[in-house]
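Coordinate analysis (summary)
Below are the chains, spelled out letter by letter.
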Amino acid sequence: MTKKNVIYRGAEAEICLSKYMGYKVVEKRRVKKRYRIKNIDDRLISSRTKGETKLIAESRKQGVSVPIIFDVDLEEGIITMEYIDGKRIKDIFNDLDDTEREGICRRIGESIAWLHNADIIHGDITTSNMILSDNQIYFIDFGLGEINNEIEIKGVDLHVLMEAIESTHSKYADYFKFVLDGYKKELKQDANLVINKIEEIVKRGRYR
Amino acid sequence: MICIGIEGTAHSIGIGIIRDESNLCKVLSNNIKTYKPEKGGIHPREAANHHAKYIADLIKESVVKSEVDFSDIDLVSFSQGPGLGPCLRTAATAARALSLSIDKPIIGVNHCVAHLEIGRGIFKDCKDPVLLYTSGANTQVIGFAEGKYRVFGETLDIGIGNCLDKFGRIVGLDFPSGPKIENLAKNGRKYLDLPYTIKGMDIAFSGLLTASQQYYNKKESLEDICFSMQETCFAALTEVTERAMAHTEKDEVLLGGGVASNKRLCDMVKTMAEDRGASFFVPPKDLCIDNGAMIAWLGFLMYDGGIRMSIKDTIIDQRFRTDMVDVSWRD
C-alpha cells in the first residue's frame, strides 16, 4: 500500500488518494472515535459505510454520474472509489459565463430529479459535493443520504442546495431557478408539490 | 456595574448578582430554588406558584449574601424566554417591581444565549465557542455566525434531560433522574442496541426512549439500560457538536445546561475536543443549571452594549428563539 495521502479531512471521515489495481482512486475512511464505546463505533461506521455505498450504486442505476466503487471494507469503514479528476462546481461556479452557468444549473436539477425519482435523498447537496469532469456533473458524498419518499424530505434536500448557492454564490442566487427548471423537467411526480415545500421550509426560517 | 438577574423559565427560580471586572463576570451570589413536583412532570402553574412564594425572600437573601445594598444595584435583568408562560410571567413581574422600586433600568434576556455568554464571561480563554446546551427542555448546538447566535443543530423531538427524566419516571426513579441514571450506568456492563438518530446536525431521542422502555419491560438489567442510554445519547450529542465545530471552523467547545454536570457527557466531549486539538470548557454546576447569575451577566453585556428597554418592552416570549437575538454587543 502506498503511503497515506490525505486530501481532505471532515468531522467524520478522511479522504486519501491511493491506487487500486492500477487505477487512481480515493479512499473514504470513516475515522474511529475514541469518545464512543467500540460497540457503537463499529455499528455506526459499518452501517454508514454500507448505506453510502448502496446509495452511490443506486444513483448510478438512475443515470446520475457518481464515482465507480471498487471496494468496500465495512469493518474498517473504507470505501475505495474512482478518483474523479475535475473541478468542484463550488470553485468554478462564479467564473463561468452566464450561459454555461445556466446549463450547469439545469443539469444539476435534472440529476437531483433522477435521484428523487428513485427516492434517493442525497442529504447534503452543495456545490462542494459536485465535481465537473469531462463535461459530466458527478455527485459525491452521500454520507448523510437515505432512501425516503416523503415530499418534505425531498424539499429539504433541494433547500440545502438553495442555501448553499445563496451563501457561497450570493451574486448568482437567482440561478437556483434554473435548477428548479431542470428538476421540473425530469421529476416524475408533480414537482410543484416539492417546490411548494421549499417555500414552506423557508418560512419556518430556522436555518441560516 | 452591579447587576441582579432573575431566572424563572421552568422549574427553578434563581437570583444572581454579578459585577463586571475587566470584561469578566464576577459572581457575588447565585441562589437557586427548585420546584419538585410530587409526582409526574412540571405543572407550569404550580411551578409559578412556587416561584412566587420564594422570590421576594430569595432576592433579599441574595443582596445580603453579596454584601451589597439595594442602592448599589445598577441594573435588573430577567429571563424573557423561552420557557413556561406562568413561570416567565412570575419572574418578569418580580423584575418589573424591583426595577421600579429601586428606580434602576430593566432588561429582558434570552435564556439560551445566557447559557453561552456565561461561559465566555467566566473563562478568559473561551472567546468563540460552539455551545452544546443540554437541559431538560433544551438541546441545542449554538455558535456565533454573522451577527447572531445560530442554532446549528437541535433536538427534533424532546430535550435530552426530558428523555432521561421520562425514563426515570417509567422505572420509578426520583426527579431529576439524570444523576440517578448516571450512577446506575456505572455498573452497566452489557451494551443494548438503541436507535441512534442524527439528521445532519439535528438529533432525536424519542425512539431511543421507547426502545429503552421496551428493554425495561423485557426485564433487562436497569444498570445495562442506563449505561446503553447514556452511551448512545451522549455519543450522538458529541457527534453533532463535532459536526458543528467542523462546519463553523471553531476550535472551542463549551458545555451548558443541567445535563452538562454528567461526567460521562463531559468526558466524551472533552475527548472529542482533544482529538480535534480544540479547547474544552465546562462551567461549575451552579452556572450550568438554570441560574440568575448568567441572566445578570447577559443583562450587563446587553446594557453595556447600548441596548435599552422600557417596561413595555419586557413582555415575555415563550418561544423566544436563540437566533432572534441581535447580538450587537459582540463583534
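Residues numbered from 1 in each chain as written. Chains lettered and ligands numbered in written order. Predicted model: local features only at pLDDT ≥ 70, side-chain atom pairs only at ≥ 80, totals over all residues. Heavy atoms only, no water.

1. Some thoughts on the overall build of chain A
When helices and strands are tallied, chain A shows 6 helices and 10 strands. For 208 residues, the compact-globule estimate of 2.2 N^0.38 gives 17 Å, and chain A sits close to it at 17 Å. Summarising its shape, the C-alpha atoms of chain A cover approximately 45 × 35 × 30 Å along the three principal directions. When each of the 208 residues of chain A is scored for burial, the buried share is 46%. Long-range contacts, defined as pairs at least 24 residues apart, comprise 61% of the intrachain contacts of chain A with a sequence gap of at least 6. For chain A, the accessible area works out to roughly 10600 Å², and carbon and sulfur atoms hold 48% of it. Between the centroid of the 36 positive side chains of chain A and the centroid of its 36 negative side chains there is a distance of 5 Å. (Helix = DSSP H or I, 4+ residues; strand = E, 2+ residues; numbered from the N terminus. Rg over C-alpha atoms; globule rule 2.2 N^0.38 Å. Buried < 20%, exposed > 50% of the residue type's maximum accessible area, 1.4 Å probe, protein only. Contact = heavy atoms within 4.5 Å. Areas by Shrake-Rupley, 256 points an atom, 1.4 Å probe, with all protein chains shown as cover. Lys, Arg positive; Asp, Glu negative; His and termini not counted. Charge placed at Lys NZ, Arg CZ, Asp CG, Glu CD.)

2. What to know about helix 3 (residues 111-122) of chain B
Since one α-helical turn is 3.6 residues long, residues separated by three or four positions face the same way. Residue and element names in this part refer to chain B. Counted at 1.5 Å a residue, the expected span for helix 3 with its 12 residues is 16 Å, and the 17 Å between its end C-alpha atoms agrees. Across the 12 residues that make up helix 3, a large majority, 11, are buried. Taken residue by residue, helix 3 has His111, Cys112, Val113, Ala114, His115, Leu116, Glu117, Ile118, Gly119, Arg120 and Gly121 as its buried positions. Its side-chain oxygen at 2.9 Å from the backbone nitrogen of Cys112, Asn110 defines the N-terminal cap of helix 3. (Expected span 1.5 Å × (residues − 1). Polar contact = N/O pair within 3.5 Å; in protein donor to acceptor, adjacent residues only side chain to side chain.)

3. Some remarks on helix 4 (residues 151-168) of chain A
With 18 residues, helix 4 of chain A should cover 26 Å at 1.5 Å per step; its first-to-last C-alpha distance of 26 Å lies within 8% of that length. Those residues of helix 4 of chain A that sit buried are A:Ile153, A:Lys154, A:Gly155, A:Asp157, A:Leu158, A:His159, A:Leu161, A:Met162, A:Glu163, A:Ala164 and A:Ile165.

4. Comments concerning the sheet that holds strand 1 (residues 2-7) of chain B
All names here are of chain B. What the 5 strands build is an open sheet, ordered 3-2-1-4-5; its pairing is mixed. Pairing within the sheet leaves two strands with one partner each, and these edge strands are strand 3 (24-34) and strand 5 (106-110). Strand-to-strand twist across the sheet, computed as the mean angle between neighbouring axes with direction ignored, equals 25°. Relative to strand 5, strand 4 (residues 75-81) runs parallel, the two sharing 5 bridges. If you follow Val76 over to strand 5, its bridge partner there is Ile106. (Pairing = 2+ DSSP bridges. Axes fitted to C-alpha atoms, helices over the stretch in contact; angles between N-to-C directions.)

5. Here's the deal with the packing of aromatic side chains
Residue and element names in this part refer to chain A. Under the counting rule described, the total for this entry stands at 8 aromatic pairs over all chains. Note that Arg101 overlies the ring of Phe93, its terminal NZ or CZ placed 5.9 Å from the centroid. A cation over an aromatic ring shows up here: Arg101 above the ring of Tyr175, its NZ or CZ 5.1 Å from the ring centre. (Phe/Tyr/Trp six-rings, centres within 6.5 Å; stacked < 30°, edge-to-face > 60°. Lys NZ or Arg CZ within 6 Å of the ring centre and 35° of its normal.)

6. Comments concerning the domain arrangement of chain A
All names here are of chain A. In terms of domain boundaries, chain A breaks down into domain 1 (5-82) and domain 2 (87-206). Measuring from the centre of the C-alpha atoms in domain 1 to the corresponding centre in domain 2 gives 23 Å. Listed per partner, the contact involves 13 residues of domain 1 and 17 residues of domain 2. For the pair domain 1 and domain 2, the two sides together bury roughly 1200 Å², of which 68% comes from carbon and sulfur. Its largest share of buried area at the contact with domain 2, domain 1 owes to Leu55, Val64 and Ser65, together 44% of the area lost on that side. (Domains from an automatic or database assignment. Buried area = accessible area lost by both parts, 1.4 Å probe.)

7. Looking at the interface of chain B and chain A
On the chain A side, the residues contacting the 31 residues of chain B number 17 residues. Counting the surface lost from both chain B and chain A, the interface buries some 2000 Å², and carbon and sulfur atoms represent 50% of this. The three residues of chain B that bury the most area against chain A are B:Tyr191, B:Tyr196 and B:Arg243, which together make up 23% of that side's buried surface. Remark: the boundary between chain B and chain A carries 7 salt bridges. Taken together, the connections running from chain B to chain A amount to 8 residue pairs in polar contact (both at pLDDT 80 or more). (Salt bridge = Lys/Arg side-chain N within 4 Å of Asp/Glu carboxyl O.)

8. Here's the deal with the nonpolar core
B:Ile160, B:Phe167, B:Phe205, B:Met229, B:Phe234 and B:Leu237 are the most contacted members of the largest nonpolar core, which has 56 residues in total. A total of 13 residues in this core trace back to one element, the largest contributor, which is helix 7 (residues 222-248) of chain B. Not counting residues up to four positions away in its chain, the partners in contact with B:Phe234 are B:Ile160, B:Val259, B:Asn262, B:Arg264, B:Leu265 and B:Met268. With 40 residues, the next largest nonpolar core counts A:Leu115, A:Met162, A:Ile165 and A:Ile195 among its residues. (Core = buried A, V, L, I, M, F, W, Y, C linked by side-chain atoms within 4.5 Å.)

9. Regarding the sheet that holds strand 9 (residues 136-139) of chain A
Residue and element names in this part refer to chain A. Taken in spatial order, the 3 strands of this open sheet run 6-8-9, and their pairing is antiparallel. Each edge of the sheet is formed by a strand with only one pairing partner; in this case those strands are strand 6 (87-88) and strand 9. Both strand 6 and strand 8 (residues 130-133) contribute to a ladder of 2 bridges, which runs antiparallel. Along strand 8, the bridge assignment pairs Arg88 with Ile131. Set on the sheet, helix 3 (residues 98-117) makes contact with strand 8 and strand 9; between it and strand 9 the angle comes to about 45°.

10. A short note on the packing of helix 3 of chain B against helix 10 (residues 292-304) of chain B
All names here are of chain B. One way to put it is that helix 3 packs onto helix 10 with a least axis distance of 8 Å and a crossing angle of 85°. With respect to helix 10, the axis of helix 3 lies roughly perpendicular. In this structure, helix 3 contributes His111, Val113, Ala114, His115, Glu117, Ile118 and Gly121 to the contact, and helix 10 contributes Ala293, Met294, Ile295, Trp297, Leu298 and Leu301. Within the contact of helix 3 with helix 10, the residues separate by chemical class into 9 nonpolar, 3 polar and 1 charged. (Parallel < 35°, antiparallel > 145°, perpendicular 65-115°, else oblique. Nonpolar A, V, L, I, M, F, W, Y, C, P; charged D, E, K, R; others polar.)

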